Every structure is written in C-alpha cells, then in structure tokens.
Amino acid sequence: MNTNELWQSVLGELELALSKANFTTWFKSTFISDVNEHAVVIGVPNMFTKAWLEKKYAKEILRSLSEHSKGSIKSLSYRVESRPTTPQAIPLFEKPKVEAPVSQASSHYQPREEVREIRTGEFSLNGKYCFETFVVGKQNELAHAAAQAVCAQPGGIYNPLFIYGGVGLGKTHLLQAIGNELIHKNPSTKILYITCERFTNDFIGALRSNRIVEFKNRYRTVDVLLVDDIQFITGKEGTQEEFFHTFNQLYQNNKQIVISSDRPPKAIPALEDRLISRFECGMLADVGSPDFETRCAILGTKCHEKQYSLDREILHHVATVVQTNVRELEGALNKIIAFHQFKNARPTLETVKPILSSFQPATSRKNVTPKQLIITVANYFDVHLDDLLGKSRQKRLAFPRQIVMYLMREEMKASYPSIGTELGGRDHTTAMHAYDKITGCLLEDEKLQHDLELIKQKLYAL
Ligand code: ADP
Ligand code: MG
C-alpha cells in the first residue's frame, strides 16, 4: 500500500463519518506529504486547515491511519504545503512545488487562473464561481449534483436544469460553475451566460434596431445557454415568445440549457404554460438556506480563499448570528476582515460582535415556550421528561437540566425564579448556578458549543 492508497482509505472512512460540507471543506485538499517510520506528515493547504484538523480531527485521523496501516503509524503532524496538481492547474495562492508527491484525487480550491481571464472577458463568467469553491450541504446537494451531472453530459438527461431558491443561496454560483467547468473541459464550447434582464434588453434592442437575425444567431447557436433569474421574464409576452423559440431550437439540437429562478416554474406569475412545461421537463433542483454546520464550512472556505484565519469560536459566532444566506455570510466576513486589517488587529469575540449587529435579524427569533425547550433538550439527550424535571441528581439528568436552565435564561430571558418553577419547582439559586456553570463550560468545551447550536436549531425549527 502506498501513501496515496493509505490516505484514500482514511479519507473514505472520514467521508462516511462526517457531513459532506465538513469533509469537502477540511479534507479535500489534504494528502500524505511524508512518512518517517511511524510518523506521518499530512500536507494541508493553509494554517487555518492545519489548526482546524489538529484541534478537531486529530484523534479520528490518527485512529484511522493506525488502523489502515495495521498499527505501524503512531503519530501525526501537519505541514502547510500546496497540493500536487495537474500541470495546467495553477494554484491560486501558492506556487506549485515541483517535488511534491503525485496524488490522484482532484484538486480543490484552486481556480485555474490562466483560464480565468479569458473566461471573464469573453463569456462573462467569473472564474471564482467554480465547483471547487462551492460548499456542499444538505440544502444544495441535489442542485450541486445535478450541476455536475450536466457537466459530465451536457444536453443529456438533465436538460433543462432548473435551479431555484431564495436570494444569495448560490444559484448564480452554480450556473457559472457549470460554465467554467465546461469551458475548462473543452475551451471551444460556446457558452452563453446571461441574466434574464439582459436577454430581455438585448431582444428589445434588436427589435428596435432591426437586428433580430443577429440576435437569433447569437442565442440559437450556442452549445450551452445559462439563463440567470428567469423570474424577471414575467409579463413580457414578446420576450417570452422569443425565449420559447430559442429554448426549443437549442433543446431540439441537444444543447444544454440551465436556468435559475427565485421560485419554481409554476410559481412564477404570468409565465406562459408552454414555458412552464418546458422548464419542468428536465430536472428541477432547489437550493435552501444553509444550516449551521454548512455555514461554518462556507465561512471556512471563504477564509481560506481570502487567506484569512478566524478562530473557531469567532467563526461559530458569525455562523450563529448570520443565518439568512450565503451572500450575507460573506458580507459579514468581509466586514470583519476589513475592520481588523484597518486596525491591524486580530479579531476577537469582543471586536467582532459589534460588527455583526447589523446582521442580527430585525424581528427576534420565533417565540418558543419553556415547555417546547424542555422537550427539545430531553429529546436531544434522550432522557425522559419526568426524569428531567424530577429530583434525581444523576449526571445524565443534571447536565441536560442545567442546559435547559441556561437556554431559558439565554434564549428567553426568563427570570431565575421562573426558571426554577418551570423545572419542577427548584430554587432560583439552582438556576443561577446552572447558568454560570454552563457559561463557564461553554468557554472551553467545543462539543458543548456544538450541542447547544444543534439544540437551538431543533428548537427554532419546531
Ligand atoms: P444567488 O444567485 O442564489 O442569489 P449567489 O450565487 O450570487 O446567490 O451567491 C451569493 C454569494 O454566496 C456568492 O459570492 C457565492 O459565491 C456565495 N455562495 C453561495 N452559496 C455558496 C456555497 N454553497 N458555497 C460557497 N459559496 C457560496
Ligand atoms: Mg443570482
């Protein structure tokens, strides 16, 4: 077994154990860089990943390495090193090392710079929107998989591909990633990325200036048509008609069409039935809001792209506060970076919190009752409701009980006496003690931080 095979087995195991977003973000660019008797050096793309892996996954990685090497690997260290890439893929931030070991796995986080300029000018595609920089979570994995399937076989079964979902959730990113990927695979592919608005304006302009033949030639001779924000086509009959014919022409010639929209075809008001049925005849895939874990992974990726490192605690905080969409998440990060670069200081929780205040949702979160909170915590720790409220001081009950008290105080701003009452008639000092204790634990216990995040997610998803 060579080091590559060994690492692939370890990755295979980790991939099963972790969420996709986490795995992609933290492990995809890693490789075994060196082996010295019983010690392995893992090559990682940056300090941020190094710190994260050391802190979070050291045990799992070592256990798996040891297992797959039949016990011969006994220790582990990390080194920041660019990963070997194929000759034409030039890493964005680091110079490739000639002597770096060869790896079979595909490269990540390294948009190919030399192609980027051509793409941007000629096809109005932005090279930074590629698959490598797209974090996959539960909410977008279908759209992501469909987008990749389109790249594997343009004009195939996923034609048209219709991606829909709220603002800032990665639709444009995916559309452009398809364009970038296809151009990369075959630079002679004719790709047209266009917003619906631009299509409409082009069409109207062509009508006015008697250039309709040119217009038709431009749109009907491409190999791949990527139309962003199709919902803006509503109500414009002439444009809808023209788009319908464009669509048919391309479709009949097995050319790939990818469309994005803020809602599914049926929900687009005043969209002609014949267009609805065209849009629905291929693949519909939605993108939703990222959950906490995916938000963390996205922040990690963005930090990586910007070569900026944020402590885990801060990263968690940002992911907790900014929940709406990825664009806001990125905006928050940019603000944090700009502020601290300006001040020439390291971000801390204290300096970051005020920056995020504008991202706090205007209306406070959905109201939940103490009862709902208690049930959620009981379910989360798999304990009986009666036991949780009861007298027993066993740790497996006392701890969840303290968490309930902490959350009541923190999330619902309940008074200590009322917390005591809700929890089976306890004294208010018990509630105070619980609040202080959990607050203290949270400062250093990462698992607990994570547990609380999940509990809150479940709670507010009720
Ligand atoms: P939409 O078109 O759905 O409004 P965009 O594609 O413009 O959203 O995404 C907004 C920003 O968020 C972009 O900078 C994009 O790169 C980023 N983004 C969205 N989803 C992801 C994701 N899953 N992984 C990484 N970045 C993302
Ligand atoms: Mg968009």
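Because the structure is a prediction, the values reported are computed rather than measured.

### Considering the overall build of the chain
Then step 1. Looking only at helices and strands, the chain has 20 helices and eight strands in total.
Then step 2. Relative to its 462 residues, the chain shows a buried fraction of 48%.
Then step 3. Counting contacts in the chain only where the partners sit at least 6 residues apart, residues at least 24 apart contribute 70% of the total.

### Quick look at the site of ligand 1
Then step 1. Surrounding ligand 1, one finds 18 residues, the nearest of these being Gly168, Lys171, Thr172, His173 and Glu330.
Then step 2. With respect to ligand 1, the side chain of Lys302 contributes an N or O atom lying 3.0 Å from a nitrogen atom.
Then step 3. Considering only residue class, the shell around ligand 1 consists of seven nonpolar, seven polar and four charged.
Then step 4. Shared between two domains, the shell around ligand 1 takes at least three residues from each, and those domains are domain 2 (117-287) and domain 3 (303-360).

### Looking at the packing of aromatic side chains
Then step 1. Applying the stated criterion to the full structure yields 16 aromatic pairs.
Then step 2. Relative to Tyr251, the ring of Phe247 has its centre 5.8 Å away and its plane inclined at 20 degrees; by these criteria the two rings are stacked. A residue pair is termed a helical-turn pair when its members lie 3 or 4 positions apart in one helix, as Phe247 and Tyr251 do in helix H9 (residues 237-252) at four residues.
Then step 3. Over the ring of Phe244 we find Arg274, and its NZ or CZ is 4.1 Å from the ring centre.

### Here we look at the pattern of salt bridges
Then step 1. Taken as a whole and judged by the stated rule, the model has 19 salt bridges.
Then step 2. Across the salt bridge formed by Asp262 and Arg263, the nearest N and O atoms sit 2.7 Å from each other.
Then step 3. You can call Asp262 partly exposed: its relative accessible area is 31%.
Then step 4. Through salt bridges with shared partners, one network takes in Glu13, Arg63 and Glu67.

### Here we look at helix H6 (residues 171-185)
Then step 1. Over its 15 residues, H6 extends 21 Å from the first C-alpha to the last, a length consistent with the 21 Å expected when each residue adds 1.5 Å.
Then step 2. Judged by how many residues are buried, H6 sits mostly within the fold: eleven of 15 residues are covered.
Then step 3. Turning to H6, its buried residues number three or more, namely Lys171, His173, Leu174, Leu175, Gln176, Ala177, Ile178, Gly179, Asn180, Leu182 and Ile183.

### Description of the sheet that holds strand E2 (residues 39-44)
Then step 1. Read from one edge of the open sheet, three strands run E1-E2-E3, paired in mixed fashion. Strand pairing shows two members of the sheet lacking a second neighbour, strand E1 (31-36) and strand E3 (75-80), which therefore form its edges. Along the sheet, successive strands turn relative to each other by an average axial angle of 25 degrees, direction set aside.
Then step 2. Direction of pairing for E2 relative to E3: parallel, over a ladder of six bridges. For Val44, the partnering residue across the bridge sits in E3 and is Val80.
Then step 3. Here helix H1 (residues 3-17) sits on the sheet and contacts E1 and E2; the angle it forms with E1, its principal contact strand, is near 125 degrees.

### So, the packing of helix H19 (residues 428-444) against helix H20 (residues 446-460)
Then step 1. At a minimum axis distance of 6 Å, the contact between H19 and H20 shows a crossing angle of 115 degrees. With respect to H20, the axis of H19 lies roughly perpendicular. Residue-level contacts link Ile438, Cys441, Leu442, Leu443 and Glu444 of H19 to Glu446, Leu448, Gln449 and Leu452 of H20.
Then step 2. Residue composition of the contact of H19 with H20, grouped by class: six nonpolar, one polar and two charged.

### Things to note about the pairing of strand E7 (residues 256-261)
Then step 1. Within E7, six of the six residues are buried, which leaves the element mostly enclosed by the surrounding structure.
Then step 2. Alternating residues of E7 divide into Gln256, Val258 and Ser260 and Ile257, Ile259 and Ser261, and every residue in both groups is buried.
Then step 3. Here four bridges tie strand E4 (residues 161-165) to E7, and the two strands are oriented parallel to one another. Note on E7: the bridge partner recorded for Leu161 is Val258.
Then step 4. Relative to E7, strand E6 (residues 224-228) runs parallel, the two sharing four bridges. Counted as the bridge partner of Val227 is Ile259 from E7.

Rules of the game
- All residue numbers here refer to positions counted from 1 along the written sequence of the relevant chain.
- Here every chain gets a letter starting at A, and every ligand a number starting at 1, in the order they are written.
- Only residues with pLDDT of at least 70 are given local features in this predicted model, and only at 80 or more are side-chain atom pairs given and counted; all residues enter the totals for whole chains, interfaces and linings.
- Computation of side-chain values: all heavy atoms of the structure, hydrogens and water removed.
- Numbering of helices and strands runs from the N terminus, with a helix taken as a DSSP run of H or I at least four residues long and a strand as a DSSP run of E at least two residues long.
- Under the scheme applied here, a residue whose accessible area is under 20% of the maximum for its type counts as buried, over 50% as exposed, and between as partly exposed, the area being computed with a 1.4 Å probe on protein chains only.
- What makes two residues a contact is simply this: any of their non-hydrogen atoms within 4.5 Å.
- Residues are classed as near a molecule or strand on a simple rule: at least one heavy atom within 4 Å of it.
- Throughout this description, a polar contact denotes any pair of N or O atoms lying within 3.5 Å of each other; where both atoms belong to protein, one of them has to be capable of donating a hydrogen while the other can accept it, and for residues adjacent in sequence the pair is counted only when both atoms sit in side chains.
- Side-chain classes follow a simple rule in which Ala, Val, Leu, Ile, Met, Phe, Trp, Tyr, Cys and Pro form the nonpolar group, Asp, Glu, Lys and Arg form the charged group, and the remainder, Gly included, forms the polar group.
- Segment limits for the domains were obtained from an automatic or database-derived domain assignment.
- Planes of paired rings set the category: under 30 degrees apart is stacked, over 60 is edge-to-face and the rest tilted, where pairs are Phe, Tyr or Trp rings (Trp by its six-membered ring) whose centres lie within 6.5 Å.
- Distance and angle both matter: a charge sits over a ring if NZ of Lys or CZ of Arg is within 6 Å of the ring centre and within 35 degrees of the ring normal.
- The rule for a salt bridge is simple: a side-chain nitrogen of Lys or Arg has to be within 4 Å of a carboxyl oxygen of Asp or Glu.
- Helix span is expected to be 1.5 Å times the residue number reduced by one.
- Strand pairing requires that DSSP identify at least two bridges connecting the strands.
- To get an axis, fit a line to the C-alpha atoms, keeping to the stretch in contact for a helix; angles then go from 0 to 180 degrees between the N-to-C directions.
- Every angle not falling under 35 degrees, over 145, or within 65 to 115 is termed oblique; those three ranges are roughly parallel, roughly antiparallel and roughly perpendicular.

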